[in-house]
Amino acid sequence: QVQLVESGGGLVPPGGSLRLSCAASGVVFFSISSMGWYRQAPGKQREAVASVTNSGNINYVDSVKGRFTISRDAAKNTVYLQMNSLKPEDTAVYYCNAIKGMRNYWGQGTQVTVSS
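The sections below set out a description of the structure shown in this document. (Residues numbered from 1 in each chain as written. Predicted model: local features only at pLDDT ≥ 70, side-chain atom pairs only at ≥ 80, totals over all residues. Heavy atoms only, no water.)

**Remarks on the overall build of the protein chain**
As a reminder of what qualifies: Numbering of helices and strands runs from the N terminus; a helix is a DSSP stretch of H or I covering at least four residues, while a strand is a stretch of E covering at least two. Both definitions apply: the radius of gyration is a C-alpha atom measure, and the globule rule equals 2.2 Å times residues to the power 0.38. Remark: exposure states derive from per-residue accessible area (1.4 Å probe, protein chains only) relative to the maximum for the residue type, with buried under 20%, exposed over 50%, and partly exposed in between. Contacts between residues were defined by any pair of non-hydrogen atoms, one from each residue, lying within 4.5 Å.
When its secondary structure is counted, the protein chain shows zero helices and eleven strands. The secondary structure elements of the protein chain, listed N-terminal to C-terminal, are β-β-β-β-β-β-β-β-β-β-β. Taken over C-alpha atoms, the radius of gyration comes to 13 Å for the protein chain, in line with the 13 Å a tight globule of 116 residues would show. Taken along its principal axes, the extent of the C-alpha atoms in the protein chain is 40 × 25 × 25 Å. For the protein chain, the proportion of its 116 residues judged to be buried stands at 41%. Taking all contacts inside the protein chain whose residues are at least 6 apart in sequence as the whole, residues at least 24 apart take part in 52%.

Shown next, in the form of structure tokens:
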């Protein structure tokens, strides 16, 4: 059973930065084919933000390209999302996602609020 625990959310003014972390446990890290971050704002559908595969392929949603960076540390079983130049429209609950085999696993979510 894969368990994902996120951390690093919070309140930040526009233009600020945050780094989210997602630690995976209960699994050999390289058995996870892909890890990523999704977000869901109030009244909106959950959307994919960034993902990184086991082979290192990385994808971003257009709205965060050039501002967000996803990375993974296999030694720590952790994936990160560095978020810079944050905008109010980035406000959402951010969820970590892992794909292992045919199953999706989710973290509990961490709130990111961008406001002055």
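**A short note on the state of the cysteines**
Spelled out, the test is: Cysteine sulfurs are considered disulfide-paired once they come within 2.5 Å of each other.
Applying the stated criterion across every chain, the model contains one disulfide. Covalently, Cys22 is tied to Cys96 through a disulfide, its sulfur atoms 2.0 Å apart. The disulfide joining Cys22 to Cys96 has a torsion of about -85 degrees about its S-S bond and is therefore left-handed. In this pair, Cys22 sits in strand β3 (residues 18-25) while Cys96 sits in strand β9 (residues 92-100), placing the two residues 74 residues apart along the sequence. Taken individually, Cys22 and Cys96 each receive the classification buried, so the pair is uniform in this respect.

**Overview of the sheet that holds β3**
For the record, the criterion: Two strands qualify as a pair provided DSSP detects at least 2 bridges between them. For helices, the axis comes from a line fit to the C-alpha atoms of the stretch in contact; other axes are also lines fit to C-alpha atoms, and the angle between any two N-to-C directions lies between 0 and 180 degrees.
In spatial order, the strands read β1-β3-β8-β7; together these four strands make up an open sheet with antiparallel pairing. Of all the strands in the sheet, the pair left with one neighbour each is β1 (3-7) and β7 (68-73). Direction aside, neighbouring strands of the sheet carry axes that sit 15 degrees apart on average.

**Let's talk about the side chain of Arg39**
The cut-off we apply is this: As used in this structure description, the phrase polar contact means that two N or O atoms lie within 3.5 Å; if the pair is within protein, one of them must be able to donate a hydrogen and the other to accept it, and residues adjacent in sequence are counted only when both atoms belong to side chains.
Within the secondary structure layout, Arg39 lies in strand β4 (residues 34-40). Judged by its relative accessible area of 6%, Arg39 is buried. Within the structure, Arg39 has its side chain in polar contact with the side chain of Glu47 (distance 2.6 Å). In terms of polar contacts, Arg39 uses its side chain to reach the side chain of Tyr94, at 2.9 Å. In contact with Arg39, other than residues within four places in its own chain, are Gln45, Arg46, Glu47, Val49, Ser63, Val64, Phe68, Asp90, Ala92, Val93 and Tyr94.

**Some words on the side chain of Asn97**
The residue Asn97 is located in strand β9 in this model. At 2.9 Å, the side chain of Asn97 forms a polar contact with the side chain of Asn104. For Asn97, the side chain forms a polar contact with the main-chain oxygen of Tyr105, separated by 3.4 Å. Apart from residues lying up to four places away in sequence, Asn97 is in contact with Leu4, Ser34, Met35, Gly36, Tyr38, Asn104, Tyr105 and Trp106.

This is a description of form; function is not addressed.
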